[in-house]
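Fold and contact review
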Amino acid sequence: MYSLKIIIASTRPGRRGIAVAEWFIEIAKQNPDFSIEVLDLEKINLPFIDEPNHPKLQQYTQEHTRQWSKTINEADAFIFVIPEYNYAMPPTLSNAIDFLFNEWNYKPVGLVSYGGISGGLRSAQMCKQQITTVKMMPMSEGVAIPFIEKFINEEGRFISTDQIDRSAEILLRELLKWTIALKTMRI
Ligand SMILES: Cc1cc2nc3c(=O)[nH]c(=O)nc-3n(C[C@H](O)[C@H](O)[C@H](O)COP(=O)(O)O)c2cc1C
């Protein structure tokens, strides 16, 4: 089994990221090759980066960084559930990435984005630029959900379509291939 960690990037009260993540987890659970853990950045509650040394050195001075390092180190693959804010990725996720370096290296990432007309694609593109710098491999397959509010029901749940479900399944299939391949680069 490979460890798949799903990062919920939005931290706002009333965020839709939870509903999107809950839907995605149900699909991901059908894949017997992944053990799934959710990393909710609202709960993890990292401050703005407060380490004096470059993360490549791994000389962490803060307990929250040591914990974050351990959590990310354990992962074989990631899904980032990201909204788009002002044509950009959420700063919460960007900050969480900046804390570490080696722990992210040679790990694949699937992007599940959402927003208005763009489906969060500008956020996803921006995210790709940052994550390749920490040597992560973004999948070209992805899930992009436009007009997120249209898919939220009265209970606040995300109600998907066959097409969106399919994009999630295709993403997970590709993610598994890269997960297996990249593990060989981390020994
Ligand atoms: C500060 C802010 C900026 C936003 N900017 C954009 C944007 O540039 N493009 C877009 O498609 N949606 C934008 N939206 C709409 C969000 O994508 C939408 O509200 C989404 O639900 C936000 O994710 P969250 O609810 O998980 O925080 C913005 C929302 C907020 C709160």
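Since the structure is predicted, the reported quantities are computational estimates derived from the model, not experimental observations. Positions within a chain are numbered from 1, following the residues in the order the chain's sequence is written. Per-residue local features are limited, in this predicted model, to residues with pLDDT of at least 70; the limit for side-chain atom pairs, both in listing and counting, is 80 or more; totals at the level of whole chains, interfaces and linings are taken over all residues.

Quick look at the overall build of the chain
Defined as follows: Labels follow the DSSP assignment, with helices taken as runs of H or I lasting at least four residues and strands as runs of E lasting at least two, numbered in each case from the N terminus. Three exposure classes are used, all based on how many other C-beta atoms lie within 10 Å of a residue's own C-beta (placed from the backbone): buried at 20 or more, exposed at 12 or fewer, and partly exposed between those limits. What counts as a contact is two residues whose backbone-derived C-beta atoms lie within 7 Å of each other.
Helix and strand content of the chain: 6 helices and 6 strands. Start at the N end of the chain and walk to the C end: the helices and strands fall as β-α-β-α-α-β-α-β-α-β-β-α. Viewed in the frame of its principal axes, the chain has a C-alpha envelope of about 45 × 35 × 25 Å. Within the chain, the proportion of its 187 residues that are buried is 36%. Here the contacts in the chain between residues at least 6 apart in sequence split such that 79% fall between residues at least 24 apart.

Concerning the site of the ligand
Let me state the cut-off plainly: Proximity of a residue to a molecule or strand is defined by its backbone-placed C-beta atom lying within 6 Å of that partner. The nonpolar class holds Ala, Val, Leu, Ile, Met, Phe, Trp, Tyr, Cys and Pro. Asp, Glu, Lys and Arg form the charged class, and all remaining residues, Gly among them, are polar.
Looking at the ligand, there are 14 residues lining it, with Ser 10, Gly 17, Pro 83, Gly 115 and Gly 116 nearest. Split into classes, the residues belonging to the shell around the ligand amount to 4 nonpolar, 6 polar and 4 charged.

Describing unusual backbone geometry
With phi around 55°, Asn 45 is a residue other than glycine that occupies positive phi space. Judged by the 10 C-beta atoms lying within 10 Å of it, Asn 45 falls in the exposed class. The backbone of Lys 135 sits at a positive phi, close to 60°, despite the residue not being glycine. Structurally, the position occupied by Lys 135 is in the loop between α5 (121-133) and β5 (137-138).

Thoughts on helix α6 (residues 162-183)
Note the cut-off: Expected helix span is given by 1.5 Å per residue-to-residue step, counting one fewer step than there are residues. In this description, one arc is meant: the one made by directions from the helix axis to the C-beta atoms.
The end-to-end C-alpha separation of α6 is 32 Å, in line with the 32 Å expected for 22 residues at 1.5 Å each. Residues of α6 that are buried include every one of Ile 164, Ala 168, Leu 171, Leu 172, Leu 175 and Thr 179, and no others. All buried residues of α6 fall inside an arc of 105° around its axis, so they share one side. Within α6, the exposed residues directed more than 90 degrees away from the buried face are Asp 162, Gln 163, Arg 173, Lys 177 and Ala 181. Along its buried surface, α6 packs onto β1 (2-8), α1 (17-28), β3 (77-83), β4 (108-114) and β6 (143-145).

Some points on the packing of α1 against α6
As a reminder of what qualifies: Here an angle of 0 to 180 degrees is reported between the N-to-C directions of two axes, which are lines fitted to C-alpha atoms, with helices fitted over the stretch in contact. We call two directions roughly parallel when the angle between them is under 35 degrees, roughly antiparallel when it is over 145, roughly perpendicular when it lies between 65 and 115, and oblique otherwise. Crossings are assigned a handedness: left-handed for a near helix turned anticlockwise from the far helix by less than a right angle, right-handed for a clockwise turn.
As a packed pair, α1 and α6 sit with axes 10 Å apart at the nearest point and diverge in direction by 60°. When the axis of α1 is compared with that of α6, the two are oblique. In this structure, the crossing between α1 and α6 has a hand that is right-handed. The residues of α6 that touch α1, namely those facing Phe 24, Ile 27 and Ala 28, are Asp 165, Ala 168, Glu 169 and Leu 172. By residue class, the composition of the contact of α1 with α6 is 5 nonpolar, no polar and 2 charged.

Notes on the pairing of β3
One face of the sheet, then the other: side chains in a regular strand alternate in exactly this way. The condition that has to hold: Between any two strands, at least two bridges found by DSSP are needed for them to pair. The definition of a right-handed crossover adopted here requires that, viewed with the strands pointing away, the path from the first strand over the helix to the second runs clockwise.
Among the 7 residues of β3, 7 are classified as buried, and the element is accordingly described as predominantly covered. Where burial is concerned, the two faces of β3 agree: the one with Ala 77, Ile 79, Val 81 and Pro 83 and the one with Phe 78, Phe 80 and Ile 82 are both buried. Where β1 and β3 come together, 5 bridges link them in parallel fashion. Considered in β3, the bridge of Ile 6 is made with Ile 79. Summarising the sheet, β3 and β4 pair through 6 bridges and their orientation is parallel. Across the sheet, Phe 80 pairs through a bridge with Leu 111, a residue of β4. Note that the unit made of β3, helix α4 (residues 91-98) and β4 has a crossover that is right-handed.

Notes on α5
Taking 1.5 Å as the rise per residue, α5 with 13 residues should run 18 Å; its terminal C-alpha atoms sit 19 Å apart, in good agreement. All of the buried residues in α5 are Ser 123, Ala 124, Cys 127 and Ile 131. Along the axis of α5, the buried positions cluster into a sector of 90°, meaning they face one direction only. Away from the buried face of α5 by more than 90 degrees, exposed residues Gln 129, Thr 132 and Thr 133 are located. In this structure, the buried residues of α5 make contact with β3, α4, β4, β5 and β6. Where α5 terminates, the next one or two residues include Lys 135, which has phi positive at roughly 60°.

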